[in-house]
Amino acid sequence: MVMDKLGNSLQDALKKLVKSGRIDERTVNEVVKDIQRALLQSDVNVKLVMEMSQSIKERALKEEVPAGASPREHVLRIVYQELINIIGKATDVPLKPQTIMMIGLQGSGKTTTTSKLARYFQRKGLRPAVVCADTFRPGAYQQLHTLCTKLNVPFYGEEGNPDAVGIVERGLKELQKNDILIVDTAGRHSLEADLIEEMENIHAIANPDYKLLVLDGAIGQQASEQARTFNESVGISGVVISKLDGTAKGGGAISAVCETNSSIAFIGTGETPEDLERFEPDRFISRLLGMGDIKSLIEKAEETLGEEDIDMESMMRGKFTLKDMYKQLESINKLGPMKQIMQMLPLGGLGAKIPENAYQDTGDKMGRYRIVMDSMTEEEMLNPRLIGSARIKRIARGSGCTADDVRELLKYHKMMQNAMKGFRGGKFNMQKMMKKMGM
Ligand code: GDP
Ligand code: MG
């Protein structure tokens, strides 16, 4: 999950709130203290943390509890809103012809993000192309060339020529027939004067619509200086926070975004061109708070799968037969690694924590479930309630599995069905979900 550690400690803090019966000053103070600790440990800037906790405290104690909400829900909502406040709105990079310039220090993830963006626009049906203006790092040309070739994205570069500005000028001309032109630039290890000068010169030639600053999610407070410096030289239109998979704390980058009054456009969650997500603050915070993210799963599913594959809509309406589940399991193979999918499903919420090795187990289990279902009749697939102990035996025999395997599958189906029902109405209702989870 994105920023595991922060998420876990925030969830712990909120749990405390659930356990206590009343919302009084002491409880609020305690919860706020826990939230402060969680944010500071994740490198969120001290000043921000203090401002936020002050405002949670004030609001929790002063604002009237809305009709129909418990005091508990009241505080949870405030915490949620204040977290969203810190992060601010997202930068929207529209799906239309444009030039995008990548900026950031060396190793921040510019080149990887360049390929991810190319893939992102390609998936949306646009024609991206890439210019390699990194003439500084040996191997930069090859790295980007290889990535683009794999994606079948037009690429311009001049291996061995140090004239980055000239390359950009020629590259943009050569690639002008494409919709989206992405200029990947060089970085340095630190903010040196020649780097800034090069950025300014490339900026002047490329006249980009968007300047995306790539910040490594794992860096701490240095993020602020980087963001400020780049913002003062060429201006940033949006930020990509990379490496939010794994152990990145993220808070440094988020604080930097806040300080420079910019906002996050995308987050990078892995090394492959597919691992880019459009940033959506409410979704991000829901995920941090451990809500499971059915919305991103749906989006991903719609992009990856054809309509006949899976009917998310009907599943969310609660009509979720074994047949649907079978299709879903088949589709999961297409969607990508089990881990990513599981994190997006509400299962994480229902089954509390999913241990790391469970993902592999679950992948194996899914395979077994499919085999079991292959031995069911059409009637049973559409109406699992028909399956009593005699049928269980028959299905087990037919599929070469045990009766327990069949029962487990039925139980899993029931759980999925309930989870889907929980999201009925399409719109994700955080309070309702929290209630369901016993929070
Ligand atoms: P650049 O110097 O700014 O162009 O950075 P690169 O794109 O070359 O990335 C530096 C390193 O970070 C590479 O090893 C990438 O594979 C890795 N990287 C970039 N983005 C991500 C990400 O979102 N997740 C992970 N795990 N690694 C990333
Ligand atoms: Mg690079």
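Scroll up for the structure.
All values derive from a computational prediction rather than experimental measurement.

A look at the pairing of strand β6 (residues 238–242)
Part 1: Of all five residues in β6, five are buried, a share of seventy percent or more.
Part 2: With burial as the criterion, each face of β6 is covered, one bearing Gly238, Val240 and Ser242 and the other bearing Val239 and Ile241.
Part 3: Pairing of strand β5 (residues 210–216) with β6 involves five bridges; the strand directions are parallel. For Leu213, the partnering residue across the bridge sits in β6 and is Val239.
Part 4: One ladder, built from three bridges, connects β6 with strand β7 (residues 264–268); its direction is parallel. Residue pairing for β7: Val240 is matched across the bridge by Phe266.

With respect to helix α2 (residues 25–41)
Part 1: For α2, which comprises 17 residues, the first-to-last C-alpha distance of 24 Å matches the rise-based estimate of 24 Å (1.5 Å per residue) to within 8%.
Part 2: By the burial criterion, the buried members of α2 are Thr27, Val28, Val31, Val32, Asp34, Ile35, Gln36, Ala38 and Leu39.
Part 3: With its phi angle positive at about 70 degrees, Asp43 sits one or two positions after the end of α2.

Considering the pattern of salt bridges
Part 1: Taken as a whole and judged by the stated rule, the model has 19 salt bridges.
Part 2: Residue Arg170 is joined to Glu158 by a salt bridge in which the shortest nitrogen-to-oxygen separation is 2.7 Å. With Arg170 in helix α7 (residues 164–174) and Glu158 in the loop between β3 (155–156) and α7, this pair connects stretches of sequence that are twelve residues apart.
Part 3: Judged by its relative accessible area of 36%, Arg170 is partly exposed.
Part 4: A salt bridge links Arg188 to Asp194; its shortest N-O distance comes to 3.6 Å.

Some thoughts on the site of ligand 1
Part 1: Around ligand 1, the surrounding shell holds 18 residues, and the nearest of these are Gly107, Lys110, Thr112, Asp245 and Glu271.
Part 2: Here an oxygen atom of ligand 1 and a side-chain polar atom of Lys116 are 3.0 Å apart.
Part 3: Between ligand 1 and Gln143 there is a distance of 3.0 Å, counted from an oxygen atom to a side-chain nitrogen or oxygen.
Part 4: In the complex, the protein chains occlude 81% of the 580 Å² of accessible area that ligand 1 would expose alone.
Part 5: The dominant element in the shell around ligand 1, judged by the number of residues it contributes, is helix α5 (residues 110–123), at four residues.
Part 6: Residues that form the shell around ligand 1 fall into these classes: one nonpolar, eleven polar and six charged.

Considering the pairing of β5
Part 1: Judged by how many residues are buried, β5 sits mostly within the fold: seven of seven residues are covered.
Part 2: Judged from the four bridges that link them, strand β1 (residues 98–103) and β5 form a sheet pairing that is parallel. Considered in β5, the bridge of Met101 is made with Lys211.

Here is what the cut-offs are and how they apply
Residues numbered from 1 in each chain as written. Chains lettered and ligands numbered in written order. Predicted model: local features only at pLDDT ≥ 70, side-chain atom pairs only at ≥ 80, totals over all residues. Heavy atoms only, no water. Buried < 20%, exposed > 50% of the residue type's maximum accessible area, 1.4 Å probe, protein only. Helix = DSSP H or I, 4+ residues; strand = E, 2+ residues; numbered from the N terminus. Pairing = 2+ DSSP bridges. Expected span 1.5 Å × (residues − 1). Salt bridge = Lys/Arg side-chain N within 4 Å of Asp/Glu carboxyl O. Near = heavy atom within 4 Å. Polar contact = N/O pair within 3.5 Å; in protein donor to acceptor, adjacent residues only side chain to side chain. Areas by Shrake-Rupley, 256 points an atom, 1.4 Å probe, with all protein chains shown as cover. Nonpolar A, V, L, I, M, F, W, Y, C, P; charged D, E, K, R; others polar.

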